[in-house]
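Read off the chains here:
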Amino acid sequence: MDIKTVWARPWIKRITVVLALFGLYLLLSGWVLPRVIERQLPQLAGEQLNGQLTLEQAQFHPLTWQLQLHRLALVDVDGQSLAGLEHFSVDLDPWRSLFSWQACLREVSLTAPYVNYVEREGGDSNLMQVLAPLLATPSAEPSPSASSSDLPGVTVDRFHLSQGRVQYQQQDGASTELTQLQLQATELALAAQDNRLQLDLTGKGGGTLSLTAVAGLNPLTLNLDGQLKRADLTRYWPFVARLFEFELEQGRLDAQFGLRLAQQGDDLELALAPSRVTLNDLALTREQQPLLNLDSLSATGVELSLLEQRVGLDSVTLSGGQASMRLDPQGLDWARLMAERRDSTPPPPGEAPPSPWQVNLARLQLRDLGLAFTDTTQPEIARWRLDLDQAGVGPISTDLSQAIEVSVTSRVNERSPLTFDGQLVPQPFSLTSRLSLAEFALTDTLPYWQSLVPLSLTQGQLATQGSLTIEELSPLALSYDGELTVTDLVTQDPDQGRDFVKWQSLKVADMSLTTLPLALSIDTVAVNQPYARVIIEEDGSTNIQALIAPSGTTPASSQPEEAQTQEATSEPMAIAIKRIELNDGGAFFADNSLTPKFATGIETLGGSIEGLSSNPASRAVVDIQGQVDRYAPMSLTGELQPLAVESFIDLALTFDNLDLTSLNAYSGTYAGYYIDQGQLDLALHYALEDRMLRGSNQVVIDKLKLGKRSDSDKATSLPVALAIALMQDANGVIDLGLEVSGNVDEPDFAIGPLVGKALFNAITKIVTSPFSLLGSLLGGEEPANEVMFLAGSHQVPVAEKGQLKQLVSALTQRPKLTLSVQGAVMPAVDGRALAKARLDPRLGATGDVNDQAPDPALEEALRAAYDATRGTGAAEALKAGYADNDAGWRAELYRQLLAQTRVADDELAALAAARADAVKRVLSDDLGLEANRVFIRESRVELDRSGTKVILELDAGN
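Residues numbered from 1 in each chain as written. Predicted model: local features only at pLDDT ≥ 70, side-chain atom pairs only at ≥ 80, totals over all residues. Heavy atoms only, no water.

**Comments concerning the pattern of salt bridges**
Here the structure, examined in full by the defined rule, presents 32 salt bridges. For Arg 933, the salt bridge goes to Glu 930, with nearest N and O atoms at 3.7 Å. The exposure class of Arg 933 is buried, given its relative accessible area of 9%. Overall, the relative accessible area of 41% leaves Glu 930 in the partly exposed class. One salt-bridge network, in which partners are shared between bridges, spans Arg 385, Asp 387, Asp 389, Arg 411 and Glu 414. (Salt bridge = Lys/Arg side-chain N within 4 Å of Asp/Glu carboxyl O. Buried < 20%, exposed > 50% of the residue type's maximum accessible area, 1.4 Å probe, protein only.)

As structure tokens, this is what we get:
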């Protein structure tokens with residue numbers, strides 16, 4: 001059978017045509033189509049993109065309708081790889097597509113796809129540069145008849161992406177890479193609403209992300225459930241680092257979340273289903289200094305609604321770690337971190353501000369967290385630490401009127417328990433709480449005041465508990481009701497290391513402090529075993545002065561005028577303290593400026609002050625008792641008002657049986673004598689009212705006996721021994737009262753110098769007018785301090801004996817006094833009297849000659865005596881000058897003879913001595929004064945020529 005016969009058969013022709021067409025199909029689809037794709041696809045890409053596309057191989061299986069592309073790569077204009085894949089496969093289902101009138105794909109597979117995204121200057125990128133021509137092509141106007149909801153009918157039975165990789169690089173060189181990208185989906189349909197996808201990827205550092213999605217495009221819906229495990233945040237930090245002022249050193253993120261995206265009309269709703277986010281091993285630094293280390297931050301029940309603009313969280317828990325804060329002259333570093341990135345750009349004019357989001361956090365919890373705070377604003381750096389063992393805050397909401405419960409259990413500086421429980425309302429602000437602080441070391445506060453007060457605080461603990469309430473911030477309306485205790489307080493002199501002020505405990509009970517009005521009310525202040533040390537240094541300064549006026553402080557007058565005005569106009573604090581108790585107190589006083597040094601102590605000091613108040617009409621009652629050097633009781637009683645503008649004082653201070661030998665340092669330095677024995681009772685009473693101070697000082701000294709003299713150059717020049725003898729009565733008691741007064745507003749007012757001046761004046765008056773003191777003892781006029789004599793006589797006149805009797809009576813009451821007598825003469829008077837006593841017997845007169853008219857019987861004697869001295873006839877010559885029978889010439893003769901009678905100084909001295917001796921005899925023999933208390937002073941060597949008298953002087957006996 002030849003070929004024509006065979007070809008003539010119809011079925012042979014049909015088979016041949018079919019085979020030819022099939023062969024042509026195989027040729028065109030299996031060989032030509034891949035070659036066209038290999039050539040045209042890169043050419044088309046070159047025309048539409050700013051880049052070059054390379055395709056190593058294209059394959060199409062005509063029988064299975066499977067298209068495969070191998071090693072597809074796209075490079076940018078710089079020749080840098082942009083995107084590509086190792087293998088792309090599409091398995092078409094033509095028959096199902098034909099009968100269903102939609103594109104049906106059995107499988108789409110991408111193997112090892114990659115994208116290298118690089119940012120460029122000006123917000124550009126390599127991807128946008130490659131796509132620029134395509135993006136610049138104007139898009140066709142949509143057909144008015146086309147519905148936006150019409151989607152092409154495309155179904156994919158299986159979609160598989162494996163070994164994917166995405167690399168992202170910023171302009172600054174920061175880069176990251178996502179690897180092991182896996183995406184799987186089954187039964188995808190663009191028009192369906194239940195398309196399911198599974199995406200898995202791995203990032204740098206080993207973090208993995210798994211996503212399960214159910215999506216639809218008409219309308220747009222997306223339900224996404226994801227799980228993120230151990231994502232190393234440091235790999236992605238460089239991309240956002242420029243947005244923050246700190247560095248991320250470490251951090252891993254875990255999350256489990258559900259995301260819901262749905263189109264509702266013209267709005268797009270994005271909602272986050274209750275999710276959980278955990279951040280582990282977080283470490284933040286700034287300028288290579290630790291800022292925050294956190295073991296774990298966990299947020300549960302995280303919800304979000306875009307349309308409702310609402311964010312909700314069930315709880316946020318921070319566990320383990322430490323935050324570091326630093327305060328410098330520029331402020332708090334954390335505050336600067338927040339402020340520097342805050343966007344405060346106002347909305348454009350005419351545009352309403354966006355609606356606020358609603359945020360609700362049910363509970364914020366903090367566990368085992370430490371806060372390290374460093375304050376560099378002080379001369380000495382202050383370091384604090386707050387350890388939060390347990391803290392809870394919530395609910396927290398953008399609704400600022402909602403109350404927030406706060407509960408804190410913590411420790412300050414690792415050793416001081418601090419608890420806080422309260423309720424806070426942010427707006428309007430209010431706080432109601434209870435707090436408790438125990439065993440707080442006061443030494444931790446040293447950096448804030450040590451440079452201002454030269455005082456060394458070596459120990460001391462503070463504790464307080466009570467209720468704290470704040471009703472308003474401006475002006476501050478705060479109140480605190482509770483108690484406060486300071487125990488084991490010890491302060492010392494920083495130079496010598498000596499205790500200054502200390503106590504075992506100070507407890508303030510039932511304390512109430514308010515700021516509106518400014519008031520402090522205390523039921524009881526109890527101080528146990530208080531102690532104070534006051535030292536006068538060798539230069540006269542005191543340890544108290546160093547505290548009151550430390551070097552470098554600014555006086556009030558140099559403060560800004562505004563500050564002084566504000567201080568002057570501010571309301572004074574109303575203070576009311578019901579009772580202050582002192583128990584088993586003590587004090588020490590030393591004066592190192594004396595030689596020898598002086599020291600004494602007050603022991604068993606106790607008592608109370610009741611009713612201390614700033615009410616001007618109130619008076620606090622003082623009753624304090626103690627002992628000086630164990631044996632001398634002391635007491636302070638009375639009333640005072642130190643808190644009012646016009647102070648009031650009415651206090652009595654007494655010391656009984658104070659041993660004066662303990663004051664030898666003072667007596668030796670200032671009196672010039674040491675004390676061998678003596679006891680002191682001191683009663684001081686001071687009253688201050690209407691700015692006038694009036695004081696009464698009653699000093700009683702018993703059995704005072706002075707010892708040896710000191711060599712002090714500060715000793716007084718007053719005769720101290722005489723003053724004591726004048727003041728000491730027959731029983732050996734000195735009872736001295738001093739009254740002082742002064743205006744406290746006087747610039748130079750000081751109570752110490754005021755009392756000292758009064759004492760000095762009193763002693764000066766006593767020793768300069770001792771007979772006035774004796775007169776006061778007799779209740780009458782003071783005794784005379786001299787005995788007057790007739791001219792030329794040494795006989796004590798009767799009237800003078802009466803004066804001496806009064807003196808003896810006064811001296812009996814002052815047994816320590818002695819009396820010195822010194823005779824004196826008046827040469828003109830006493831000399832003439834002695835000369836007359838010698839001349840008259842020579843003239844033969846039997847009595848006193850009248851020198852104005854001598855007896856005529858004495859004329860011959862006068863004539864003879866005169867001629868004997870002047871020569872014979874001298875008397876007659878003198879008479880020639882007078883009338884006959886004129887007696888004047890006899891008087892002249894007598895006067896000249898009297899003038900010629902010389903009295904030697906020895907005779908005057910003998911008269912003075914005789915007068916002193918006569919006074920002593922009267923005092924001792926006639927009036928009974930002990931002879932050993934009367935001393936005659938020598939009058940012959942240096943003759944006292946002050947008068948016809950005996951001078952009396954009082955001295956102190958041995």
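**Side note on the sheet that holds strand S39 (residues 934-936)**
Pairing in this open sheet of four strands is mixed, and the strands run S37-S40-S38-S39 from one edge to the other. Of all strands in the sheet, those bounded by a partner on one side alone are strand S37 (786-788) and S39. The average undirected angle you get between the axes of adjacent strands in this sheet is 25°. Pairing analysis gives three bridges linking S37 to strand S40 (residues 949-956), with the strands arranged antiparallel. Bridging across to S40, Val 787 finds its partner in Val 950. With respect to the sheet, helix H19 (residues 905-926) is in contact with S37, strand S38 (817-824), S39 and S40, its orientation differing from that of S38 by roughly 145°. (Pairing = 2+ DSSP bridges. Helix = DSSP H or I, 4+ residues; strand = E, 2+ residues; numbered from the N terminus. Axes fitted to C-alpha atoms, helices over the stretch in contact; angles between N-to-C directions. Contact = heavy atoms within 4.5 Å.)

**Describing the layout of surface pockets**
Taking a probe equal in size to a water molecule and rolling it over the atoms shows the remaining empty space. Size it by volume and the second largest pocket reaches roughly 420 Å³. Listed by contribution, the elements that provide at least two residues to the lining of the second largest pocket are strand S34 (673-689), strand S35 (692-709) and helix H11 (720-727). In terms of residue count, the dominant contributor to the lining of the second largest pocket is S35 (five residues). Built from parts of two domains, the lining of the second largest pocket gets at least three residues from each of domain 5 (647-768) and domain 6 (770-957). (1 Å grid on protein atoms, 1.4 Å probe; cavity = no way out; pocket = protein on both sides within 12 Å on 5 of 7 lines; lining within 4 Å. Points joined across faces, edges and corners; volume = space filled by probe spheres on them. Domains from an automatic or database assignment.)

**So, unusual backbone geometry**
With omega at -5°, the peptide bond leading from Gly 394 into Pro 395 counts as cis. Mapping Pro 395 onto the fold places it in the loop between strand S19 (382-394) and strand S20 (396-397). Of the consecutive residues Leu 516 and Pro 517, the connecting peptide bond is found in the cis state with omega at -5°. With respect to the element layout, Pro 517 can be found in the loop between strand S26 (499-515) and strand S27 (518-528). Not every positive phi belongs to a glycine, and Glu 414 is a case in point at roughly 70°. Residue placement: Glu 414 occurs in the loop between strand S21 (404-412) and strand S22 (416-425).

**A word on helix H18 (residues 888-900)**
Residues lying three or four places apart along an α-helix face the same way, a consequence of the helix completing one turn every 3.6 residues. Helix length check: H18 (13 residues) gives 18 Å between terminal C-alpha atoms against 18 Å at 1.5 Å per residue, within 8%. Turning to H18, its buried residues are Trp 889, Arg 890, Ala 891, Glu 892, Leu 893, Tyr 894, Gln 896, Leu 897 and Leu 898. The inward-facing, buried residues of H18 abut helix H15 (827-842), helix H16 (859-870) and helix H17 (874-879). (Expected span 1.5 Å × (residues − 1).)

**A closer look at the packing of helix H14 (residues 798-812) against H19**
It is at 11 Å that the axes of H14 and H19 come closest, and there the two elements cross at 55°. Classed by the angle they form, the pair H14 and H19 counts as oblique. Note that H14 runs across H19; the crossing there is right-handed. Contacts between H14 and H19 involve Lys 801, Leu 804 and Val 808 from the former and Val 919, Val 922, Leu 923 and Asp 926 from the latter. Along the lines of polarity and charge, the residues of the contact of H14 with H19 split into five nonpolar, no polar and two charged. (Parallel < 35°, antiparallel > 145°, perpendicular 65-115°, else oblique. Left-handed = near helix turned anticlockwise from the far one by under 90°. Nonpolar A, V, L, I, M, F, W, Y, C, P; charged D, E, K, R; others polar.)

**Concerning the UniProt feature "transmembrane region" (unreviewed entry) in the protein chain**
Per the UniProt entry, the sites bearing "transmembrane region" (unreviewed entry) are residues 12-33 in this numbering. Counting secondary structure, residues 12-33 comes out at 100% helix and 0% strand; the distance between its end C-alpha atoms is 29 Å. (UniProt positions renumbered as here; feature names shortened; annotations may be inferred.)

**Thoughts on the pairing of S21**
What you see with S21 is a clean split: Ile 404, Val 406, Val 408, Ser 410 and Val 412 sit on the buried side and Glu 405, Ser 407, Thr 409 and Arg 411 on the side with no burial. Sheet topology places S19 next to S21; eight bridges connect them, and they run antiparallel. Following the sheet pairing, Ala 391 is matched in S21 by Val 408.

**Quick notes on H14**
Over its 15 residues, H14 runs 21 Å from end to end, which matches the ideal 21 Å to within 8%, given 1.5 Å per residue. Three or more residues of H14 are buried, namely Glu 800, Leu 804, Leu 807, Val 808, Ala 810 and Leu 811. Along the axis of H14, the buried residues cluster in a sector spanning 160°; they form a single face. More than 90 degrees from the buried face of H14, the exposed residues found are Val 798, Ala 799, Lys 805 and Thr 812. (Arc of directions from axis to C-beta.)

**Describing the side chain of Ser 635**
If you trace the backbone, Ser 635 turns up in strand S32 (residues 632-641). Here Ser 635 falls in the buried class, since its relative accessible area comes to 14%. A polar contact of 2.6 Å, which involves the side chain of Ser 635, links it to the side chain of Thr 654. The contacts of Ser 635, once residues within four sequence positions are left out, are Ile 624, Gln 625, Ala 652, Leu 653 and Thr 654. (Polar contact = N/O pair within 3.5 Å; in protein donor to acceptor, adjacent residues only side chain to side chain.)

**Notes on the pairing of strand S17 (residues 358-361)**
Look at any regular strand and the pattern is simple: side chains alternate between the two faces of the sheet. Where strand S14 (residues 310-313) lies against S17, four bridges are found, and the strand directions are parallel. Within S17, the position partnered with Val 311 by the bridge is Val 359. As paired strands, S17 and S20 are joined by two bridges and run antiparallel to one another. Its bridge partner being in S20, Leu 361 is matched across the sheet by Ile 396.

**A short note on the packing of aromatic side chains**
What the rule picks out here adds up to seven aromatic pairs. Arranged with centres 6.0 Å apart and planes meeting at 0°, the rings of Trp 384 and Phe 440 form a pair that is stacked. Of the two residues, Trp 384 sits in strand S19 while Phe 440 sits in strand S23 (residues 430-441), which places them 56 residues apart along the sequence. Between Trp 384 and Tyr 448 the ring centres are 6.2 Å apart and the planes differ by 40°, which places this aromatic pair in the tilted class. Separated by 64 residues along the polypeptide, Trp 384 in strand S19 and Tyr 448 in helix H7 (residues 446-449) bring together distant segments of the chain. With a relative accessible area of 30%, Tyr 448 lands in the partly exposed category. Members of the aromatic cluster, joined through ring pairs, are Trp 237, Phe 244 and Phe 246. Over the aromatic face of Tyr 531 sits the side chain of Lys 502, whose NZ or CZ is 5.2 Å from the ring centroid. In this structure, Arg 619 packs its charged tip against the face of Phe 648, placed 4.0 Å from the ring centre. (Phe/Tyr/Trp six-rings, centres within 6.5 Å; stacked < 30°, edge-to-face > 60°. Lys NZ or Arg CZ within 6 Å of the ring centre and 35° of its normal.)

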